[in-house]
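# Structural features, examined
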Amino acid sequence: MEIHVRDKSGIVEVWLTRAEKENAAACEGLKPLYQEYTRKNYLVAVFLPGDQNLSDATCDLLRYNRRRVAQMEVERKKQSDMVMGMRMILT
């Protein structure tokens, strides 16, 4: 387990190993940490290992983000064209 306290941003990062993730006692042992830093108005973020291949998951996320940006650009273009059309009608 790794714990990083980021005082400037008010965040506590807790990084668990796969074994710690599956150990109920280890997870239960984090409660005092949560309580201490919650009292100090810190956000406690716990990072757990996943079961997916990191490379595949990253590629999927990048593909999704690229598609989403393209969709947003199309929507902006449509809105811009509609505004320009309305201006032409009004003048």
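These remarks concern the structure in this document. (Residues numbered from 1 in each chain as written. Predicted model: local features only at pLDDT ≥ 70, side-chain atom pairs only at ≥ 80, totals over all residues. Heavy atoms only, no water.)

To continue, consider the packing of aromatic side chains. For the coordinates displayed, the defined rule picks out 2 aromatic pairs. Note on Trp15 and Phe47: the rings are 4.2 Å apart at their centroids and 15° apart in plane angle, and the pair reads as stacked. Of the two residues, Trp15 is situated in strand 2 (residues 11–15) and Phe47 in strand 3 (residues 43–47); the sequence distance between them amounts to 32 residues. The exposure class assigned to Phe47 is partly exposed, which follows from its relative accessible area of 32%. On the basis of an interplanar angle of 65° and a centroid distance of 5.3 Å, the ring pair of Tyr37 and Tyr42 is categorised as edge-to-face. Accessibility assignment for this pair places Tyr37 and Tyr42 in one class, buried. Here the guanidinium or amino end of Lys40 rests over the ring plane of Tyr37, the centre of that ring lying 5.0 Å away. (Phe/Tyr/Trp six-rings, centres within 6.5 Å; stacked < 30°, edge-to-face > 60°. Helix = DSSP H or I, 4+ residues; strand = E, 2+ residues; numbered from the N terminus. Buried < 20%, exposed > 50% of the residue type's maximum accessible area, 1.4 Å probe, protein only. Lys NZ or Arg CZ within 6 Å of the ring centre and 35° of its normal.)

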